[in-house]
Amino acid sequence: MNVARSIEYRQVSAGYGQTRAVSGVSFTVQRGERWGVLGRNGAGKTTTLAAAVGLSELQGGDILLDGVSVRGMPSYQRARAGLGYVPQGRDIFASLTVEENILSAIRGGKSSDALEVAYTLFPRLKERRRNGGTQLSGGEQQMLSIARAVVTRPGILLLDEPLEGLAPKVRQEVMESITRMASELGVGCVLVEQYVDVVLSFCEHVVVLESGQVVYAGRTDTLRQEHAQLLENAIGLRKI
Ligand code: ATP
């Protein structure tokens, strides 16, 4: 299995059939970097991530994994190339136990390694390993969803609103696990999240979308220092 070292969005337009949700999106994420995507509801954040895994339509431009175009690559091949994806909502099987959920993600990979990686990052999942998906709290379900992506050992991981619907304390716990995963495994992250403060503190780079267009792509500290007005316009944030 390859481990993707970079993903490049090159002038990407994407959408659904006749609908174009984003256009002209360009940014490059290297392995080990943390990027965030910010924007109001409907700005095109999910569509941007989904285009990389083939769940929205790549209508123009290109997305490259380690310099290779994903056009014509089925989703499983993108995963095999080292692209991980944690979709919005929780991507787990309610009828399977925690352990079965983790093992079902690796398809033929080494199961002892997968469980060790998952349980080291998320000790709570080890305690719940025999519980079914529906017996887990919201936070545990989200941890399991992330674990299922991490055990495929992606080089780049796309996370779509992993904190949605979680209580503040649980949000903090999930972010601590994501931070550990990013630094200990060196995984490059692209995080879409409504919690702007979380994105600004976790990500050293950020893309700001407004009505499907990039209004900023670059360092988070520069955005904070020089473009506060832009943040306020794009996401209604008053104070940074
Ligand atoms: P949110 O914060 O609400 O999740 P978002 O920034 O992730 O929003 P997207 O979900 O990418 O935004 O939506 C961008 C645009 O594409 C919106 O106008 C939305 O209505 C449209 N859209 C999203 N999914 C579909 C779909 N399956 N078919 C057609 N249009 C869609």
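Now for a quick tour of the structure. It should be emphasised that the depicted structure is a prediction, and the values quoted were computed from it without experimental measurement.

### Some details on the pattern of salt bridges
So, point 1. As enumerated under the stated definition, the model contains 6 salt bridges in all.
So, point 2. Where Arg-10 meets Glu-8, a salt bridge forms, and the shortest distance between an N and an O atom there is 3.1 Å.
So, point 3. Here Arg-10 falls in the partly exposed class, since its relative accessible area comes to 43%.
So, point 4. Of the residues examined, Glu-8 reaches a relative accessible area of 24% and is grouped as partly exposed.

### Overview of the pairing of strand E10 (residues 213-219)
So, point 1. Alignment of strand E9 (residues 205-210) against E10, held across 6 bridges, turns out to be antiparallel. Residue pairing for E10: Val-208 is matched across the bridge by Tyr-216.
So, point 2. The turn linking E9 back onto E10 is made up of 2 residues, and Ser-211 within it adopts a positive phi angle of 45°.

### Some remarks on the sheet that holds strand E4 (residues 57-65)
So, point 1. Spatial strand order, E2-E1-E4-E5: 4 strands in an open sheet with antiparallel pairing. Unpaired on one side and paired on the other, strand E2 (19-30) and strand E5 (68-69) mark the two borders of the sheet.
So, point 2. Pairing between strand E1 (residues 6-16) and E2: 8 bridges, direction antiparallel. Bridge pairing in E2 links Glu-8 to Thr-28.
So, point 3. In this fold helix H1 (residues 45-53) packs onto E1, E2 and E4, with an angle of close to 110° to the strand it touches most, E1.

### Considering the packing of helix H4 (residues 111-121) against helix H7 (residues 168-185)
So, point 1. Here H4 crosses H7 at 130°, and the two axes come no closer than 9 Å. By the angle between their axes, H4 is oblique relative to H7. Of the residues in H7, those touching H4 at Val-117, Thr-120 and Leu-121 are Ser-177, Arg-180, Met-181 and Leu-185.
So, point 2. Looking at side-chain class alone, the contact of H4 with H7 contains 4 nonpolar, 2 polar and 1 charged residues.

### Let's talk about the packing of aromatic side chains
So, point 1. This model, assessed by the stated rule, comprises 2 aromatic pairs.
So, point 2. On the basis of an interplanar angle of 10° and a centroid distance of 4.5 Å, the ring pair of Tyr-9 and Phe-27 is categorised as stacked. Within this pair, whereas Tyr-9 is found in strand E1, its partner Phe-27 is found in strand E2, the two being separated by 18 residues in sequence. Taken as a pair, Tyr-9 and Phe-27 share a single burial class, namely buried.
So, point 3. Through successive ring pairs, a cluster of aromatic residues spans Tyr-9, Phe-27 and Trp-35.
So, point 4. If you follow Arg-171 out to its NZ or CZ, it ends over the ring of Tyr-195, 4.0 Å from the centre.

### Some details on the pairing of E9
So, point 1. Within E9, 5 of the 6 residues are buried, which leaves the element mostly enclosed by the surrounding structure.
So, point 2. Bridging between strand E3 (residues 34-38) and E9 involves 4 bridges; their strand directions are parallel. Paired with Leu-38 across the bridge in E9 is Val-208.

About the cut-offs
- Throughout this description, residue numbers start from 1 for each chain and increase along the sequence as written.
- At least 70 in pLDDT is required for a residue's local features to be given in this predicted model, at least 80 for side-chain atom pairs to be given and counted, and no such filter applies to totals for whole chains, interfaces and linings, which use all residues.
- In computing side-chain values, all of the structure's heavy atoms are included and hydrogens and water are not.
- Salt bridge, as used here: a side-chain nitrogen of Lys or Arg that lies within 4 Å of a carboxyl oxygen of Asp or Glu.
- Any residue under 20% of the maximum accessible area for its type is buried, any over 50% is exposed, and the rest in between are partly exposed; the area is computed with a 1.4 Å probe on protein chains only.
- In this description, strands pair whenever DSSP reports at least two bridges between them.
- Put simply, DSSP marks the helices as runs of H or I at least four residues long and the strands as runs of E at least two long, and each gets a number from the N terminus on.
- In what follows, a contact means two residues having at least one pair of non-hydrogen atoms within 4.5 Å.
- Only the contacting stretch of a helix is used when fitting its axis, a line to C-alpha atoms as for every element, and angles between N-to-C directions run 0 to 180 degrees.
- Should an angle fall under 35 degrees it is called roughly parallel, over 145 degrees roughly antiparallel, and 65 to 115 degrees roughly perpendicular, with every other angle called oblique.
- For this scheme, ten residues count as nonpolar: Ala, Val, Leu, Ile, Met, Phe, Trp, Tyr, Cys and Pro. Four count as charged, namely Asp, Glu, Lys and Arg, and the remainder, Gly too, count as polar.
- Each Phe, Tyr or Trp ring (for Trp, its six-membered ring) is paired with any other whose centre lies within 6.5 Å, and the angle between the two planes then decides the class: stacked below 30 degrees, edge-to-face above 60, tilted in between.
- Distance and angle both matter: a charge sits over a ring if NZ of Lys or CZ of Arg is within 6 Å of the ring centre and within 35 degrees of the ring normal.

Read these as layout, nothing more, since geometry by itself doesn't imply function.
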